[in-house]
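These are the residues of each chain, in order.
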Amino acid sequence: MNKYLKLFTFFFFISLSSLGGAMSLFKEKCLFSSVDGIILDSGKPVKGVEVEQYYNWQGPDKSNKKLVKTDNEGRFHFPAIYDNSVLSTIFPHNPSIQQEINIRYKERSYEGYLLMKGNYDEKGELDGQAIHLICDLQNEPSRDGGFYGICTLQ
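Attention here is on the structure that accompanies the text. Only a predicted model underlies this, so the values are computations on that prediction, with no experimental measurement involved.

1. Some points on the pairing of strand β6 (residues 75-78)
(1) Moving on: Burial along β6 is one-sided: the face carrying Phe-76 and Phe-78 is buried and the face carrying Arg-75 and His-77 is not.
(2) Moving on: Both strand β2 (residues 35-41) and β6 contribute to a ladder of four bridges, which runs antiparallel. Its bridge partner being in β6, Gly-37 is matched across the sheet by Phe-76.

Structure representation (structure tokens):
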């Protein structure tokens, strides 16, 4: 048996005994809960605004960006992002996921939502609260609501 297969087998059986079974190895981890929001300019909905979701999972060094545009009512949505990395289950670590919602409108960029997520729980970013954002382009960035940016929680 080659040494890599032996090593994998060893870690596999250790993880089975210490993590409570095979199912825990493949449990999906929520890297970014679903986000719903509305973009406003002085309180009025804005159509066609570019909204970018970005995350960087610092353990396995995975990152991704997704871009959407607001609808006629200024609304946008990003579904939850999950991963089932076995290595992140086997090796002990502290979850660290950089999350961002950035907004681009009329050649200007806005930091809407910035947060470091420290768990893999769905809705774990804001202690179980869903991420429903109201982002007025006239707001100054602040740390209200447990994150940094121009957005506030609905």
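2. Notes on the environment of Lys-117
(1) Moving on: Relative to the helices and strands, Lys-117 is located in strand β9 (residues 108-117).
(2) Moving on: The class for Lys-117 is buried, based on a relative accessible area of 2%.
(3) Moving on: Taking C-alpha positions, Lys-117 is 9.8 Å from Tyr-55, a pair spaced 62 residues apart along the chain.
(4) Moving on: One polar contact links the side chain of Lys-117 to the main-chain carbonyl oxygen of Cys-30, over a distance of 2.8 Å.
(5) Moving on: Of the polar contacts made by the side chain of Lys-117, one reaches the backbone oxygen of Asp-121; its length is 2.8 Å.

3. So, the pattern of salt bridges
(1) Moving on: Here the structure, examined in full by the defined rule, presents five salt bridges.
(2) Moving on: Of the charged contacts, one joins Arg-104 and Glu-52 as a salt bridge, the two residues approaching to 3.8 Å between their closest N and O atoms. Within this pair, whereas Arg-104 is found in strand β8 (residues 97-105), its partner Glu-52 is found in strand β4 (residues 50-57), the two being separated by 52 residues in sequence.
(3) Moving on: A residue is classified by how much of its surface remains accessible, and Glu-52, at 12% relative accessible area, is buried.
(4) Moving on: The closest approach of N and O atoms between Lys-62 and Asp-83, which form a salt bridge, is 2.8 Å. Residue Lys-62 is found in strand β5 (residues 62-69), and its partner Asp-83 is found in strand β7 (residues 81-83); the two are separated by 21 residues along the sequence.
(5) Moving on: For Lys-62, a relative accessible area of 33% corresponds to the partly exposed category.
(6) Moving on: Here the salt bridges do not stand alone but share partners, grouping Glu-50, Glu-52 and Arg-104 into one network.

4. Side note on the nonpolar core
(1) Moving on: Counting 28 residues, the largest nonpolar core has Val-35, Ile-39, Ile-101, Ile-103, Tyr-113 and Leu-133 as the members making the most contacts within it.
(2) Moving on: Looking at this core, the elements that each hand over two or more residues are β1 (29-32), β2, β4, β6, β8, β9 and β10 (131-136).
(3) Moving on: Per-element tally for this core: the top contributor is β8, with four residues.

5. Re the sheet that holds β5
(1) Moving on: Reading across the sheet, the four strands line up as β5-β4-β8-β9 and stay open at both edges, with antiparallel pairing between neighbours. Here the strands that pair on one side only, and so sit at the sheet edges, are β5 and β9. Neighbour-to-neighbour, the strand axes of this sheet turn through a mean angle of 15°, independent of strand direction.
(2) Moving on: As paired elements, β4 and β8 share eight bridges and run antiparallel to each other. What sits directly across from Glu-50, in β8, is Arg-104.

Basis of the calculations
Residues numbered from 1 in each chain as written. Predicted model: local features only at pLDDT ≥ 70, side-chain atom pairs only at ≥ 80, totals over all residues. Heavy atoms only, no water. Buried < 20%, exposed > 50% of the residue type's maximum accessible area, 1.4 Å probe, protein only. Helix = DSSP H or I, 4+ residues; strand = E, 2+ residues; numbered from the N terminus. Pairing = 2+ DSSP bridges. Polar contact = N/O pair within 3.5 Å; in protein donor to acceptor, adjacent residues only side chain to side chain. Salt bridge = Lys/Arg side-chain N within 4 Å of Asp/Glu carboxyl O. Core = buried A, V, L, I, M, F, W, Y, C linked by side-chain atoms within 4.5 Å. Axes fitted to C-alpha atoms, helices over the stretch in contact; angles between N-to-C directions.

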